[in-house]
Amino acid sequence: MDYQAVLESIVEELRPQLGRAGHVASYIPALARVPATQFGIALRTCDGVEAAAGDSATPFSIQSISKVFSLTLAMQVAGERLWARIGREPSGNPFNSLVQLESEKGVPRNPFINAGAIVVADHLVAQCVDAKAEILGLLSDLCAEPIAFDEEVASSEAGSGHRNLALSHFMKSFGILDHDVATVLDVYFHQCAIRMSCVQMARAAGYLCRDGAHPRVGARVLSEQQVRRINALMLTCGTYDAAGEFAFSIGLPCKSGVGGGIIAVVPDRLTLCVWSPALDATGNSLLGRCALERFTARTGLSIF
């Protein structure tokens, strides 16, 4: 299949719609200034073939996509202990909801909502000498390029993250967090402030389509079972309150972020990243979702 031609045709078709609908994430000041008229897409197959189009080399704030990689690191260092304090069900509520936490005694529904990712960060603080450095190290190793934090975005997250602070203190009151809230949130805010391009992200996610095998070398990132679990969580919980619609219209495990990026996995075939900053009402990239729908329609690739 000529993936390059597929990606170029999608960019050509969707680029005229840039800036016409959707809105960038405005509740994080540093993201509110990102131009909405950008669109990139890239993929990498299991055997290393790459294709890219549009603004695929432009770095963007990966935001909640980082939760896939922090979860991967936590599964490496904490194993099954991780699930004692995190559920595996869709939330059915906004990703930063306090109401659900209260009714469920501080246990987050899944690791991809904010509360769940904060608990993952708490595990990393416990198990890693330097959790922030190890997250960057994992991503840099996976995509074979140095990856860095955007300190302006991290500072902006910390300055405006009142709801995340409330979630953390609320979980702390139930004994769900073991460590100091400020320390845990520093890890969480920094992981969300990582900058990567579509090309880098498609490479880094490669182990998710290779049964846990490293995308470039013979090492194993996770076990086959662990990767199946991550892909299952991406399908059911990875795109906020639109996970059902993504499964219905796209049919692939996906994880989105309010920076406008979405990663998608075709098991045993490829990983794909699309980025366009303007979001729809569910907090997912408006054109990114359209691009994924066109990609699966044109290639026939789906897990169903």
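Remember, it's a predicted structure, so these values are computed and weren't measured experimentally.

Reading the values: the criteria
- Residues numbered from 1 in each chain as written.
- Predicted model: local features only at pLDDT ≥ 70, side-chain atom pairs only at ≥ 80, totals over all residues.
- Heavy atoms only, no water.
- Pairing = 2+ DSSP bridges.
- Helix = DSSP H or I, 4+ residues; strand = E, 2+ residues; numbered from the N terminus.
- Contact = heavy atoms within 4.5 Å.
- Axes fitted to C-alpha atoms, helices over the stretch in contact; angles between N-to-C directions.
- Buried < 20%, exposed > 50% of the residue type's maximum accessible area, 1.4 Å probe, protein only.

> I would appreciate a short explanation of the sheet that holds strand β3 (residues 60–61) in the present structure.
Picture the strands of a sheet paired through backbone hydrogen bonds; they go either parallel or antiparallel. Pairing is antiparallel across the open sheet formed by three strands, whose spatial order is β3-β5-β4. Every other strand in the sheet has two partners, leaving β3 and β4 (148–149) as the edge strands with one partner each. Across two bridges, the pairing between β3 and strand β5 (residues 194–196) is antiparallel. Looking at the pairing, F60 lines up with M196 of β5. Contacting β4 and β5, helix α6 (residues 131–143) runs over the sheet at an angle of about 10° to β5.

> Explain the pairing of strand β1 (residues 40–45) to me, please; I cannot follow it from the model alone.
Both faces of the sheet carry side chains from a regular strand, because those side chains alternate between them. Most of β1 is tucked away, with six of its six residues classed as buried. Because side chains alternate across β1, one face comprises the buried residues G40, A42 and R44, and the other comprises I41, L43 and T45, equally buried. Pairing analysis gives five bridges linking β1 to strand β2 (residues 50–54), with the strands arranged antiparallel. For G40, the partnering residue across the bridge sits in β2 and is G54. Between the antiparallel neighbours β1 and β2 lie four residues, among them G48 with a positive phi of about 90°. Bridging between β1 and strand β8 (residues 270–275) involves six bridges; their strand directions are antiparallel. Paired with L43 across the two strands is L272, which belongs to β8.

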